[in-house]
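Residues per chain, in single letters:
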Amino acid sequence: MKLIRTIGFGVLIWIIGVNLYALSFYLPILEDTEKQANIWLSIIIIPVVWFCSKLYFKKNATIQGLWAGLIFFGVSAILDALITVPFTVLPYGGTYADFFIDFGFWFIGLEFIATTYVYWHTNVRSKRTIGNYQ
């Protein structure tokens, strides 16, 4: 496993996610724009993580999907703690606890891990298994 490469894809997912989250505020559909942004992110993060998983596993990565998903999510959580919370939550009266105990945060984290695992299971593991039987 090349940890730097895995971390790099975690950073890429976080950057794309933050930008798409911010973009959702410019397309007001619901009165509660924060709720709208969380719903939007929970939907759009699945194809983003799927695409990044595809790029990541393209180079014959040996890490299992569960571990890759945990690293992707861990990197995102660390960047949220270092950048997102101090610049977008704390100035408006929120706290780290508010951000990190929110159901939406953990739901999106579960999506990170599950999406990476499903991609790995269906597109990497199955091909390795088939290759071993031929």
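Okay, so let's go over this structure.

Parameters at a glance
Residues numbered from 1 in each chain as written. Predicted model: local features only at pLDDT ≥ 70, side-chain atom pairs only at ≥ 80, totals over all residues. Heavy atoms only, no water. Helix = DSSP H or I, 4+ residues; strand = E, 2+ residues; numbered from the N terminus. Contact = heavy atoms within 4.5 Å. Patch = residues over 30% accessible without salt bridge, like charges linked within 9 Å, V, L, I, M, F, W, Y side chains within 5 Å. Areas by Shrake-Rupley, 256 points an atom, 1.4 Å probe, with all protein chains shown as cover. Salt bridge = Lys/Arg side-chain N within 4 Å of Asp/Glu carboxyl O. Lys, Arg positive; Asp, Glu negative; His and termini not counted. Charge placed at Lys NZ, Arg CZ, Asp CG, Glu CD. Buried < 20%, exposed > 50% of the residue type's maximum accessible area, 1.4 Å probe, protein only. Phe/Tyr/Trp six-rings, centres within 6.5 Å; stacked < 30°, edge-to-face > 60°. Expected span 1.5 Å × (residues − 1). Arc of directions from axis to C-beta.

Positionally, isoleucine 108 belongs in helix α5 (residues 103-133). Separated by 66 residues in sequence, isoleucine 108 and serine 42 place their C-alpha atoms 5.7 Å apart. Setting aside residues up to four positions removed in sequence, isoleucine 108 forms contacts with Asn38, Leu41, Ser42 and Ile45.

The subject of this paragraph is a positive patch on the surface. Judged by side-chain charge, Lys2, Lys54, Lys58, Lys59 and Lys127 come together as a positively charged surface patch. Tracing the sequence through the fold places lysine 58 in the loop between α2 (33-57) and α3 (65-89). Judged by its relative accessible area of 65%, lysine 58 is exposed.

A grouping of Trp50, Leu66, Trp67, Leu70, Tyr117 and Val118 is seen on the molecular surface, where their side chains present a nonpolar patch of about 560 Å² in accessible area. Elements with a minimum of two residues in the nonpolar patch: α3 and α5. Tallying contributions element by element places α3 first for the nonpolar patch, with three residues. The residue tryptophan 67 is located in helix α3 in this model. A residue is classified by how much of its surface remains accessible, and tryptophan 67, at 53% relative accessible area, is exposed.

On to the environment of alanine 81. Relative to the helices and strands, alanine 81 is located in helix α3. Separated by 34 residues in the primary sequence, alanine 81 and proline 47 have C-alpha atoms spaced 24 Å apart. Apart from residues lying up to four places away in sequence, alanine 81 is in contact with Pro86, Tyr96 and Phe100.

Before going further, it helps to spend a moment on the packing of aromatic side chains. Under the defined criterion, the tally for this structure stands at 16 aromatic pairs. Each ring, one from phenylalanine 57 and one from tyrosine 119, has its centre 6.2 Å from the other, and the planes form 20 degrees; the classification is stacked. Note that phenylalanine 57 is positioned in helix α2 and tyrosine 119 in helix α5, a separation of 62 residues in sequence. The exposure class assigned to phenylalanine 57 is buried, which follows from its relative accessible area of 7%. On the numbers, 5.0 Å between centres and 85 degrees between planes, the contact of phenylalanine 100 with phenylalanine 105 is edge-to-face. A network of ring pairs unites the aromatic residues Phe73, Tyr96, Phe99, Phe100, Phe105, Trp106 and Phe112 as a single cluster.

With 22 residues, helix α1 (residues 3-24) extends 32 Å between its outermost C-alpha atoms, agreeing within 8% with the 32 Å of an ideal straight helix rising 1.5 Å per residue. Every buried residue belonging to α1 is among Thr6, Phe9, Gly10, Ile13, Trp14, Gly17, Leu20 and Ser24, and all of these are buried. Projected onto a plane normal to the axis of α1, the buried residues spread over an arc of 140 degrees and lie on a single side.

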